[in-house]
Amino acid sequence: MQIAREKKIEMLQSMLLSRRFEESLTELCQVEGKIPGMMILCTGQEAVGSGVCAALSSEDVIISNHRSHNHLLAKGADPRAIMAEIYGKATGCNKGKSGTLHLAVPEINAPCTTTVVGGGLPIAVGVAFSQQYKKEECVTVCFFGDGAADEGSFHESLNLASLWNLPIIFVCENNLYAGAQRYEEHTRVEDIADRAIAYAMPGEVVNGNDVTAVYEAARRARRRAIAGDGPTLIECKTYRCRGHGESDHQLYQPKDEIAAWQEKCPIPRFRDEVLAQELITAEELSAMEATINAVVEDAVRFAEESPYPGPEEALEDVFVE
Amino acid sequence: MQQLGMGQAVKQALREEMTRDERVFIAGEGVGVSIHDNPMLPTAGLLKEFGPTRVKDTPVSEAAIAGLAVGAAAAGLRPVVEIMFNPFFTLASDMIVNHAAKLRYLSGGKSTFPLVVRIKSGAGFGAGCQHAHNLEAWVAHCPGLRVIMPSTPADAKGLLKAAIRDDNPVIFIEDMMLYFAPGPVPNEEYLTPIGKAEIKRQGRDVTVVTWSKMLGVALKAAEQLAPEGIEAEIVDLRTLAPLDKEIILSSVRKTGRLVVLHEATRTGGFAGEVCAVVMEEAFSSLKAPFRRVTGPDIPVPASPPLERFYIPDEKQLIAAVREIL
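Predicted model, so just to flag it, every value in this text is computed and none were measured.

### Some thoughts on the overall build of chain B
Part 1 of the reasoning: Each helix and strand in chain B was counted, giving 12 helices and 14 strands.
Part 2 of the reasoning: What you see for chain B is a C-alpha radius of gyration of 19 Å, in line with the 20 Å of a compact globule of 325 residues.
Part 3 of the reasoning: Overall, the C-alpha framework of chain B stretches about 55 × 45 × 40 Å when taken along its three principal axes.
Part 4 of the reasoning: In chain B, buried positions account for 54% of the 325 residues.
Part 5 of the reasoning: Summarising the internal contacts of chain B: among those between residues at least 6 apart in sequence, 80% fall at separations of at least 24.

What follows is the structure, given as structure tokens:
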């Protein structure tokens, strides 16, 4: 399948933006008092969100999880609003209510980031049901990790989505770790994609560090969903380079394993490919990186200069009055 | 005025709202084709009227049913889903407690989740504790949820219609024994406001705060006390969250005495909340300590005499009233 030059450039840009955004968070979260709470990063997994979101329309909906920064930025979220929310500022996309773990950006059709493992799956079914009910030409993507495939909600959701033939793409981002458990320690099947058989839906394993492979799989799944052929389970094999939060020293992840996967980093691989295909010149790439650096610096500056919400604003937004 | 059981009143509300607004759909286990073909039940016949696109029978998947509601509401529909029996709420609770109740807050007020979860509830049909367990205090404890527990068919209809039109997640708890007790329901269209209690009987000597099926017990007790010159005022909460504090406080300020009556078990029950509100805001009006009349702290037993022992009755309420008079 041919992928247009513009699409490849878009995916490269989206991965670079996520990476730069999270590299800055890696440093900032170490500064005492700067960023509250946990910092869970998807550094090294960018090909998944960037590849999937490149296959979506702006009306398509994504539901995200703990490692949401890449998904949201790839879907088009404003880096300023996301960064300010991570800082807990009033200008954040959720006015400081959600923090890094529950970023909700309904304006880009990313209404829910849930950190209840597996919690996004039944909600995605509901969104896809609405798309089917309203006869909309769009789909819902649910991103979840390998750990979520152990939850009961996984079974209930895939069963119902298949039964009702809903326009949904289940994207399992298998990064080989669920908390401190390695994949083999929590799941017996080699491929989570095999579980699709149990729901009479196609299941596909893709190299989650190959953004074009992810994009192509998502595009196929989207086409099926729009044609009324129902859901697809895509398992993207990737690797959790960061811990379950930046305070996790990853003592349970072998150092040589981390090093080996860093060699398979999705970004240099794709950047070199795009350069080799002469889709972009080295100068254009440098300019792109400089722009991205400036966008992230601007987002950080915006977040730092923004005010905190007033304490009593905690009482707002519980109900529609 | 028409005479309807609460199930029929609920069905009228569903039918009217589904007719008025195409975004409204219903889903749940057996909401279309049911193992019970009793016309007194709330969704009987709706599949025939509205078809399978809007009346969705689901697999036995409570988490998916509740998640369906959350996602569909986020995307602009107005789902009304059913949890077959109150104890099964636990299987749906992550979607309701962690998601329906919190996602608007987490969006900073950008998103709305206009959904209704109807829960069939109440002891009295001999099925035991995994089919009967009143958990209203659990849900009332969760900010972000409205909790409604009607006691009459008329209130059930008006409140369910209001719940479907409300932009917040609503937990609507129906006592199944009330399905089979017909009462008057206005023929013309009406809405009953959420968050407003109602005085179902005026009195000057003691305030009885109650809701759902226990309203019947309270009214019976009041009739038995009246010949002795004891006039009980009966406040039917109808909505637990938001709680209509004003009506409770004004009644207690008038009578100076309070008994709270509910079917749910005692410890951590919602009576504690009602009593705490009165202690905080109307302590000086109290002429006597309050009393709680509730189910005992046991699972609902199955055998008829044991189950009757569990469900609070008018004798217990009358005894509590006498203690504080």
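Alright, that's what it looks like, and here's the rest.
### Digging into the overall build of chain A
Part 1 of the reasoning: A tally of regular secondary structure across chain A gives 11 helices and 8 strands.
Part 2 of the reasoning: Its C-alpha atoms give chain A principal-axis dimensions of about 55 × 50 × 40 Å.
Part 3 of the reasoning: By residue count, 52% of the 321 residues in chain A fall in the buried class.
Part 4 of the reasoning: Counted over contacts in chain A with a minimum sequence separation of 6, partners at least 24 positions apart contribute 76%.

### What about the domain arrangement of chain B?
Residue and element names in this part refer to chain B.
Part 1 of the reasoning: Domain parsing of chain B yields domain 1 (2-185) and domain 2 (198-324).
Part 2 of the reasoning: Here domain 1 and domain 2 have C-alpha centroids that lie 26 Å from each other.
Part 3 of the reasoning: If you look at the interface, domain 1 gives 25 residues, while domain 2 gives 22 residues.
Part 4 of the reasoning: At the level of secondary structure, the elements contributing two or more residues to the side of domain 1 that touches domain 2 comprise α6 (136-140), β6 (146-148), α7 (153-165) and β7 (170-175).
Part 5 of the reasoning: Here the side of domain 1 that touches domain 2 is composed, by residue class, of 14 nonpolar, 7 polar and 4 charged.

### Overview of the packing of helix α2 (residues 46-54) of chain A against helix α8 (residues 211-226) of chain A
All names here are of chain A.
Part 1 of the reasoning: Contact pair α2 / α8: the axes reach a minimum separation of 7 Å and the direction vectors enclose 40 degrees. By the angle class used here, α2 and α8 are oblique. Of the two elements, α2 crosses α8, and the hand of that crossing is right-handed. Of the residues in α8, those in contact with Ala47, Val48, Ser50, Gly51, Val52 and Ala54 of α2 are Val211, Val214, Tyr215 and Ala218.
Part 2 of the reasoning: Among the residues forming the contact of α2 with α8, the class breakdown is 8 nonpolar, 2 polar and no charged.

### Looking at the pairing of strand β4 (residues 168-174) of chain A
Along any regular strand the residues' side chains alternate between the sheet's two faces.
Residues and elements named next belong to chain A.
Part 1 of the reasoning: The buried fraction of β4 amounts to 7 of the 7 residues, a majority that puts the element mostly inside the structure.
Part 2 of the reasoning: Of the two faces of β4, both are covered, the one formed by Ile168, Phe170, Cys172 and Asn174 as well as the one formed by Ile169, Val171 and Glu173.
Part 3 of the reasoning: Two elements, strand β3 (residues 140-145) and β4, share 6 bridges in a ladder whose sense is parallel. Across the sheet, residue Phe144 finds its bridge partner in β4, namely Cys172.
Part 4 of the reasoning: Running through helix α6 (residues 152-163), the crossover from β3 to the neighbouring parallel element β4 is right-handed.
Part 5 of the reasoning: Taken together, the 6 bridges between β4 and strand β8 (residues 232-237) define a ladder with parallel strand orientation.

### Side note on α7(B)
Residue and element names in this part refer to chain B.
Part 1 of the reasoning: Compared with the 18 Å implied by 1.5 Å per residue over 13 residues, the 19 Å span of α7 between its first and last C-alpha is a close match.
Part 2 of the reasoning: The element α7 is extensively covered by neighbouring structure, given that 12 of its 13 residues are classed as buried.
Part 3 of the reasoning: Within the span of α7, buried status applies to Pro153, Ala154, Asp155, Ala156, Lys157, Gly158, Leu159, Leu160, Lys161, Ala162, Ala163 and Ile164.

### Description of the nonpolar core
Part 1 of the reasoning: One finds A:Val125, A:Ile168, A:Val171, A:Ile234, B:Val117, B:Val259 and B:Leu317 to be the most contacted residues of the largest nonpolar core, which totals 187 residues.
Part 2 of the reasoning: Counting residues per element, this core draws most heavily on helix α3 (residues 62-74) of chain B, at 10 residues.
Part 3 of the reasoning: The residue makeup of this core includes at least three contributed by each of domain 1 (2-185) and domain 2 (198-324) of chain B.

### Remarks on the sheet that holds strand β10 (residues 206-210) of chain B
All names here are of chain B.
Part 1 of the reasoning: Spatial strand order, β9-β11-β10-β13-β14: 5 strands in an open sheet with mixed pairing. Strand pairing shows two members of the sheet lacking a second neighbour, β9 (198-201) and β14 (291-295), which therefore form its edges. Each neighbouring strand pair of the sheet contributes to a mean axis angle of 25 degrees, computed without reference to strand direction.
Part 2 of the reasoning: In terms of strand pairing, β10 meets strand β13 (residues 258-265) through 4 bridges, oriented parallel. Bridging across to β13, Thr210 finds its partner in Leu261.

### Observations concerning the confidence of the model for chain B
Part 1 of the reasoning: Looking at chain B as a whole, the pLDDT averages 98, with 100% of positions reaching at least 70.
Part 2 of the reasoning: The complex prediction reports pTM at 0.97, with the ipTM value standing at 0.96.

### Re the interface of chain A and chain B
Part 1 of the reasoning: Contact with chain A, which involves 36 residues of that partner, is made by 35 residues of chain B.
Part 2 of the reasoning: Secondary structure elements with two or more residues in the side of chain A that touches chain B: α5 (120-133) and α6 of chain A.
Part 3 of the reasoning: Sort the elements by how many residues they give to the side of chain A that touches chain B and α5(A) lands first, with 10 residues.
Part 4 of the reasoning: Taken together, the residues that form the side of chain A that touches chain B break down as 19 nonpolar, 12 polar and 5 charged.

### Some thoughts on unusual backbone geometry
Part 1 of the reasoning: Put simply, B:Ala241 and B:Pro242 share a cis peptide bond, and its omega is 0 degrees.
Part 2 of the reasoning: When you line up the elements, B:Pro242 lands in the loop between β12 (239-241) and α9 (245-255).
Part 3 of the reasoning: Its identity is not glycine, yet A:Asn109 carries a phi of approximately 60 degrees, on the positive side.
Part 4 of the reasoning: Within the secondary structure, A:Asn109 is located in the loop between α4 (79-86) and β2 (112-113).
Part 5 of the reasoning: A positive phi is found at A:Ala200, a non-glycine position, where the angle reads about 55 degrees.
Part 6 of the reasoning: Along the chain, A:Ala200 turns up in the loop between α7 (183-186) and β7 (203-207).

### What to know about the sheet that holds β12(B)
Residues and elements named next belong to chain B.
Part 1 of the reasoning: Taken in spatial order, the 7 strands line up as β3-β2-β4-β5-β7-β6-β12 in an open sheet, and their pairing is mixed. Of all strands in the sheet, those bounded by a partner on one side alone are β3 (55-57) and β12. Across the sheet, the axes of successive neighbouring strands diverge by a mean angle of 20 degrees, strand direction being ignored.
Part 2 of the reasoning: Pairing geometry for β6 and β12, over 2 bridges, is antiparallel. For Ile148, the partnering residue across the bridge sits in β12 and is Thr239.

### Observations concerning the environment of A:Lys7
All names here are of chain A.
Part 1 of the reasoning: Mapped onto the fold, Lys7 is located in helix α1 (residues 5-28).
Part 2 of the reasoning: Residue classification places Lys7 among the partly exposed positions, given that 15 C-beta atoms sit within 10 Å.
Part 3 of the reasoning: Considered as a pair, Lys7 and Asp146 are 139 residues apart in the sequence and their alpha carbons are 28 Å apart.

Conventions and cut-offs
Residues numbered from 1 in each chain as written. Chains lettered and ligands numbered in written order. Predicted model: local features only at pLDDT ≥ 70, side-chain atom pairs only at ≥ 80, totals over all residues. Helix = DSSP H or I, 4+ residues; strand = E, 2+ residues; numbered from the N terminus. Rg over C-alpha atoms; globule rule 2.2 N^0.38 Å. Buried ≥ 20, exposed ≤ 12 C-beta atoms within 10 Å, placed from the backbone. Contact = placed C-beta atoms within 7 Å. Domains from an automatic or database assignment. Nonpolar A, V, L, I, M, F, W, Y, C, P; charged D, E, K, R; others polar. Axes fitted to C-alpha atoms, helices over the stretch in contact; angles between N-to-C directions. Parallel < 35°, antiparallel > 145°, perpendicular 65-115°, else oblique. Left-handed = near helix turned anticlockwise from the far one by under 90°. Pairing = 2+ DSSP bridges. Right-handed = clockwise from strand over helix to strand, strands pointing away. Expected span 1.5 Å × (residues − 1). Core = buried A, V, L, I, M, F, W, Y, C linked by C-beta atoms within 7 Å. pLDDT = per-residue confidence, 0-100.

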